[in-house]
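Structural description and commentary
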Amino acid sequence: MTAGDVRGPYLIDLGPKWAQIVFHTEIATDAILQLRGKNEDRQVPPVQQGKERHLFQLKNLTPGTRYGYCVEYGNPRAGRALLRTEKFVFTTPSIGLQDFRFIAYGDSRDRHQTPKRHREVAANFLRHQPDFIVSTGDILVGGETASSSMFGNDWTKNFFEPLKGIIEGVPYYPAVGNHDQDLKDGAAGMKMAFPRLEPSLYYSFDYNHVHFTVLHCANRIVEFEQQKQWFIKDTERAKDAD
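Residues numbered from 1 in each chain as written. Predicted model: local features only at pLDDT ≥ 70, side-chain atom pairs only at ≥ 80, totals over all residues. Heavy atoms only, no water.

Here we look at the overall build of the protein
Scanning the protein from terminus to terminus reveals five helices and twelve strands. Since a compact globule built from 242 residues should have a radius of gyration of about 18 Å, the 18 Å found for the protein is in line with a globular shape. Based on the C-alpha atoms only, the size of the protein along its principal axes is roughly 55 × 45 × 35 Å. Per-residue burial for the protein yields a buried fraction of 47% across its 242 residues. Summarising the internal contacts of the protein: among those between residues at least 6 apart in sequence, 66% fall at separations of at least 24. (Helix = DSSP H or I, 4+ residues; strand = E, 2+ residues; numbered from the N terminus. Rg over C-alpha atoms; globule rule 2.2 N^0.38 Å. Buried < 20%, exposed > 50% of the residue type's maximum accessible area, 1.4 Å probe, protein only. Contact = heavy atoms within 4.5 Å.)

Here's the deal with the nonpolar core
Among the nonpolar cores identified, the biggest contains 35 residues, and Trp155, Phe159, Leu163, Tyr172 and Phe194 are the most heavily contacted of them. Broken down by secondary-structure element, the contributors of at least two residues to this core are strand E1 (6-14), strand E8 (102-105), strand E9 (132-135), helix H2 (153-160), strand E10 (172-174), helix H4 (184-193), strand E11 (203-207) and strand E12 (210-214). Beyond its immediate sequence surroundings of up to four residues, phenylalanine 159 is in contact with Ile139, Asp154, Ile167, Tyr172 and Phe194. Counting 18 residues, the second-largest nonpolar core is a separate cluster that includes Leu14, Val44, Phe56 and Leu58. (Core = buried A, V, L, I, M, F, W, Y, C linked by side-chain atoms within 4.5 Å.)

Looking at the pattern of salt bridges
Any two side chains of opposite charge can pair, given that their charged atoms come close. Taken as a whole and judged by the stated rule, the model has eleven salt bridges. In this structure, aspartate 5 engages arginine 7 in a salt bridge whose closest nitrogen and oxygen atoms are separated by 2.8 Å. Among the residues examined, arginine 7 registers a relative accessible area of 11% and is labelled buried. A salt bridge links glutamate 72 to arginine 84, with the shortest nitrogen-to-oxygen separation between them at 2.4 Å. You can see glutamate 72 sitting in strand E5 (residues 66-74) and its partner arginine 84 sitting in strand E6 (residues 83-84), a full twelve residues away along the chain. The class of glutamate 72 is buried, set by a relative accessible area of 12%. (Salt bridge = Lys/Arg side-chain N within 4 Å of Asp/Glu carboxyl O.)

Side note on the side chain of histidine 179
Its location among the elements puts histidine 179 in helix H3 (residues 178-181). Here valine 141 takes part through its backbone oxygen, which lies 3.0 Å from a polar atom of the side chain of histidine 179. (Polar contact = N/O pair within 3.5 Å; in protein donor to acceptor, adjacent residues only side chain to side chain.)

Describing a nonpolar patch on the surface
Side chains of Leu215, Phe231 and Ile232 sit close together on the surface and give an oily, nonpolar patch of about 230 Å² of accessible area. Turning to its location among the elements, phenylalanine 231 is positioned in helix H5 (residues 224-240). What makes phenylalanine 231 partly exposed here is its relative accessible area of 34%. (Patch = residues over 30% accessible without salt bridge, like charges linked within 9 Å, V, L, I, M, F, W, Y side chains within 5 Å. Areas by Shrake-Rupley, 256 points an atom, 1.4 Å probe, with all protein chains shown as cover.)

Rendered as structure tokens:
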């Protein structure tokens with residue numbers, strides 16, 4: 001049995017000394033990330049082997065450095081040669097205060113059989129040379145098409161295809177919109193695509209000494225008090241950070 005279809009790889013976090021990359025295979029299989037930097041070659045295994053989702057946590061990277069990578073995947077125990085994705089690149093940000101740019105956009109879902117809206121918008125992203133991308137939510141149509149599978153039509157047409165050639169090298173940080181999480185499978189799909197959304201659908205991240213907070217307001221504030229307390233603590237921690 002082969003690994004079937006794949007989704008990704010794509011960056012979900014990037015810092016001066018770290019990166020997180022996600023890769024999906026249609027069936028459970030092994031995977032390894034081949035990383036090449038300046039005077040450095042290494043193999044990085046996923047957090048868990050033998051799964052459909054492969055989360056690679058890259059550590060001890062060099063700030064301000066261009067890295068190349070690809071993912072090899074398959075089942076070597078079956079005597080088959082590993083398959084390999086094409087090669088991609090990303091650059092870690094430098095340490096210290098400096099200008100950076102990011103793209104923020106949202107409501108990119110498209111109900112058409114062949115979605116165009118997201119593709120047309122995303123086609124302009126790279127010419128702006130963003131350091132990262134933020135989605136304000138409603139990536140997916142959701143509703144009856146909600147799925148926890150990265151290989152369903154909604155995820156394929158409204159996320160992976162429009163962003164192909166972009167998110168392999170530019171980290172993508174989403175907020176969760178109501179269309180992304182209306183049904184149980186929708187929320188499960190967001191967590192499958194973006195592991196940092198487990199267990200809560202809100203989070204924060206840092207980029208070049210700037211702290212970003214991504215809140216979850218699409219559920220009519222059901223979790224308002226819990227999220228409020230987290231936000232207060234997160235803000236206090238950010239005040240004490242460099």
